[in-house]
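Residues per chain are reported as follows:
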Amino acid sequence: MLKIIVKEGENIERALKRYKRKHRNIKVMQNLREGQFFTKPSVRKRRENQKAAYIQNLRDQENI
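Residues numbered from 1 in each chain as written. Predicted model: local features only at pLDDT ≥ 70, side-chain atom pairs only at ≥ 80, totals over all residues. Heavy atoms only, no water.

**Concerning the overall build of the protein**
Working step 1: Broken down by element type, the protein carries three helices and zero strands.
Working step 2: Mapped in sequence order, the helices and strands of the protein form the string α-α-α.
Working step 3: Over its C-alpha atoms the protein spans a radius of gyration of 18 Å, topping by over 25% the 11 Å that the globule rule assigns to 64 residues.
Working step 4: Burial analysis of the protein (64 residues in total) assigns 3% to the buried set.
Working step 5: Carbon and sulfur atoms make up 52% of the accessible area of the protein, which amounts to about 6600 Å² in all. (Helix = DSSP H or I, 4+ residues; strand = E, 2+ residues; numbered from the N terminus. Rg over C-alpha atoms; globule rule 2.2 N^0.38 Å. Buried < 20%, exposed > 50% of the residue type's maximum accessible area, 1.4 Å probe, protein only. Areas by Shrake-Rupley, 256 points an atom, 1.4 Å probe, with all protein chains shown as cover.)

Following this line, the structure appears as structure tokens:
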């Protein structure tokens, strides 16, 4: 459970922004979406490998 302690004199907009950032960083919605459908372990592993290859390709292009 996320807890955001609003400090004395802190703007509510600022506290809300911190909450949204924390919510996004722990990937609550992403985990809920992933849990809606069953994904075979082989498919999950293939997607992770494709993502890693894509990121590595981007990094290689930066270094050229």
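**Some points on a nonpolar patch on the surface**
Working step 1: The grouping of Tyr 54, Ile 55 and Leu 58 at the surface amounts to a nonpolar patch, some 280 Å² of accessible area in total.
Working step 2: Inspection of the secondary structure assignment puts Tyr 54 in helix 3 (residues 41–63).
Working step 3: For Tyr 54, a relative accessible area of 53% puts it in the exposed group. (Patch = residues over 30% accessible without salt bridge, like charges linked within 9 Å, V, L, I, M, F, W, Y side chains within 5 Å. Salt bridge = Lys/Arg side-chain N within 4 Å of Asp/Glu carboxyl O.)

**Details of helix 1 (residues 12–25)**
Working step 1: The end-to-end C-alpha distance of helix 1, which contains 14 residues, comes to 20 Å, matching closely the 20 Å that a straight helix rising 1.5 Å per residue would cover.
Working step 2: A positive phi of about 60° marks Lys 27, the residue just after helix 1. (Expected span 1.5 Å × (residues − 1).)

**Some thoughts on the confidence of the model for the protein**
Working step 1: Per-residue pLDDT for the protein has a mean of 90; in total, 100% of the residues score no lower than 70.
Working step 2: Put simply, helix 2 (residues 28–34) is where the protein has its lowest mean pLDDT, 85, and helix 3 is where it has its highest, 95. (pLDDT = per-residue confidence, 0-100.)

**Some remarks on the environment of Arg 21**
Working step 1: Turning to its location among the elements, Arg 21 is positioned in helix 1.
Working step 2: Take Arg 21: its relative accessible area is 36%, and that puts it in the partly exposed class.
Working step 3: In the structure, Arg 21 is positioned 10 residues away from Asn 31 in sequence and 16 Å away in space, judged by C-alpha atoms.

**Examining the side chain of Arg 18**
Working step 1: With respect to the helices, strands and loops of the structure, Arg 18 is situated in helix 1.
Working step 2: The buried category is assigned to Arg 18, whose relative accessible area is 19%.
Working step 3: A distance of 2.8 Å separates a polar side-chain atom of Arg 18 from the backbone oxygen of Ile 5.
Working step 4: Residues in contact with Arg 18, not counting those within four places in the same chain, are Ile 4, Ile 5, Val 6, Lys 7 and Glu 10. (Polar contact = N/O pair within 3.5 Å; in protein donor to acceptor, adjacent residues only side chain to side chain. Contact = heavy atoms within 4.5 Å.)

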